[in-house]
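Spelled out from the first residue to the last, the chains are:
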Amino acid sequence: MKISREDVLRVAELAYLDLSEAELETYRAQIDEILEYIGKLNELDTANVEPMAQVLSDDQTADATLREDLIVPCAVAEDVLKHAPDPEPPYFRVPKVIER
Amino acid sequence: MATNWTIDGVKEALGAKKVSARELAAEFYARIEARNPELNAYLTLSPERARRQTDKIDALVAGGKPLPALAGVPVAIKDVISTRGIKTTCGSKILQNYVPPYDATAVERLEAAGAVILGKTNCDEFAMGSSNENSAYGPVKNPLALDRVPGGSSGGSAAVVAAGLAVASLGTDTGGSIRQPGSFCGVPAMMGSYGRVSRYGLIAFASSLDRIGPFATNVSDVAAILQVIAGRDPQDSTSTTAVVPDYRAELGKPVKGLRLGIPKEYFGEGMDAGVRKKIEAGMEVFKKLGCQLVEIRMPHTDYAIAAYYIIATAEASSNLARYDGVRYGLRVDDDSLLAMYRKTRGAGFGAEVKRRIVLGTYVLSAGYYDAYYLKGQKVRALIAQDFQDAFTKVDAILTPTSPVPPFKLGERTDDPLQMYLADIYTVTGSLAGVPGISVPCGKIDGKLPVGLQIFGAAFGEARVLQLAHAFEGAGGTAV
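These notes cover the structure that comes with them. Given the structure is predicted, the values throughout are model-derived calculations rather than measurements.

## What about the interface of chain B and chain A?
Right, so step 1: Tallying the contact residues gives 57 residues for chain B and 48 residues for chain A.
Right, so step 2: Of all elements in the fold, only α10 (304–319), α11 (337–348), α12 (351–364), α13 (370–390) and α14 (416–421) of chain B reach the threshold of two or more residues within the side of chain B that touches chain A.
Right, so step 3: No other element matches the ten residues that α13(B) contributes to the side of chain B that touches chain A.
Right, so step 4: Looking at the side of chain B that touches chain A, its residues break down into 28 nonpolar, 16 polar and 13 charged.

Right, dumping it as structure tokens:
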């Protein structure tokens, strides 16, 4: 067994995910099987391999010149707040932080 | 029998005033009304926006003005792509009432080219899935076989084109989500290289893998859509500055003498016999076209799924952290902020999304980062190298798109790993960043579509399209 119920609980806490008891056990079993499968990567010797952290190089994505540092109007606040769950313009209202 | 509209057909009909843009959109909305309840391919329709666009196009026609490249062409947009003023759910409950305040660059470009946006298509939740069975809004049915899946995650985008409910559509591909549904629904479907099309406005799943790309009824139309949406966007720093060639001009170039790699690793066990037969018939078509088939080795192929499901889930766990009920989407209230986060996310995300967030968080967590995420990135480099090595020997790589034909609804939903393994031929190209197309390659027993995948070198979309176009012209799609 690669992943325990405690592991899943700890991770769910990190990810702010409420999971039911049933979900906890189902995901634990499924993720365990997946991690078992993923273990096959250990068959490969990657000691001298650079991780591929970027797909494209800088010169494939860099603009020839930098843009001017100009302030442009950005009047999105109204649009954005219009669709918020609990807006109090110009704020998003949220419950207070109780724990920690 | 309804007309099978193509981009050229629309242009010709509008120019000759045989139909107006308004009438054409109305025709498509009538078709959608008739067929969508059964297919569940569209989630949201946008008739007002479509009307504003058709009015513009019809005014240009009336004034004898030149028409833009996609004037009047009815298109559909996958629901993970932002459309200003049109609900965008990502197939999830957590965004059930989210209305973006802006358009994705790809959408903006389509509209600037005259395309008419009919609506938003159904997809697996947050683009996570290979069958469109992970949508919070119900599965999509394959128009060619209603008891079967259309593929995923862009199942809706594939289905609408296959069913004549749009002339073209946009989907997204992270591990195969454009190519595989294209294959399952019998339509050509392409992802350009990573960075070829701007991701601005694409609601992120895995930022180093996500790509936007077209579905259409023929390769020339796929090229036309890609032409419009491709190109540098200052709002996406990962979009490439490489020039966009004239894809349609490149299409007719002869393919005789081109070397096509057949990677041994893609033709082992696990491939359905019916799929194999069609792919072999497809390879014969390329031989007749004068291409040279060369056996090649891509030794890290078998490790691609493992690497993909580490990297993609890790990136997803980070990208989906923003859904917390504060600024948009669903909120499940509580007295405490952190409890609100947990309850909102617990209620709003479906099982596959939760599973991937848990896995992704795990592989990034302290103590496991090196063993999993870093290892995955190293293996990714090896897979990318396999492609680079191959392209020193061949001009393109041929593989099946999927090891199996479209499976039945519910057939793979109990076993996530089984579902993941269906992606074995597509995730390799996703990891390497190369472009790939799935072009139809016959139907098993005349019923179940098979797709042939063509990979090209990075930014070699023109070559991929040339080959697909020649294949189509030589009858390859009906082997």
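## Brief notes about the pairing of strand β9 (residues 396–400) of chain B
All names here are of chain B.
Right, so step 1: By the criterion of burial, β9 is predominantly enclosed, with five of the five residues buried.
Right, so step 2: Neither face of β9 is open: one carries Ala396, Leu398 and Pro400, the other Ile397 and Thr399, and all of them are buried.
Right, so step 3: With two bridges joining them, strand β7 (residues 259–263) and β9 adopt parallel strand pairing. For Leu260, the partnering residue across the bridge sits in β9 and is Ala396.
Right, so step 4: For β9 and strand β11 (residues 448–455), the ladder comprises four bridges, and the chain directions are antiparallel. Paired with Leu398 across the bridge in β11 is Ile454.

## Side note on the environment of B:Leu118
Residues and elements named next belong to chain B.
Right, so step 1: Along the chain, the position of Leu118 falls in strand β3 (residues 116–121).
Right, so step 2: A count of 27 C-beta atoms within 10 Å places Leu118 in the buried class.
Right, so step 3: When the C-alpha atoms of Leu118 and Ser193 are compared, they prove to be 27 Å apart, with 75 residues separating the residues in sequence.
Right, so step 4: For Leu118, the residues in contact, after removing those within four places along its chain, are Ala25, Phe28, Leu45, Ser46, Ala50, Pro74, Val75, Ala76 and Ala166.

## Looking at unusual backbone geometry
Peptide bonds are mostly trans, and most non-glycine residues show a negative phi.
Right, so step 1: A:Pro89 connects to A:Pro90 through a cis peptide bond whose omega is 10 degrees.
Right, so step 2: Looking at the secondary structure, you find A:Pro90 in the loop between β1 (87–88) and β2 (91–92).
Right, so step 3: B:Gly152 connects to B:Ser153 through a cis peptide bond whose omega is 10 degrees.
Right, so step 4: Turning to its location among the elements, B:Ser153 is positioned in the loop between β3 and α5 (155–162).
Right, so step 5: The phi angle at A:Tyr16 is positive, at roughly 50 degrees, despite the residue not being glycine.

Rules behind the numbers
Residues numbered from 1 in each chain as written. Chains lettered and ligands numbered in written order. Predicted model: local features only at pLDDT ≥ 70, side-chain atom pairs only at ≥ 80, totals over all residues. Contact = placed C-beta atoms within 7 Å. Helix = DSSP H or I, 4+ residues; strand = E, 2+ residues; numbered from the N terminus. Nonpolar A, V, L, I, M, F, W, Y, C, P; charged D, E, K, R; others polar. Buried ≥ 20, exposed ≤ 12 C-beta atoms within 10 Å, placed from the backbone. Pairing = 2+ DSSP bridges.

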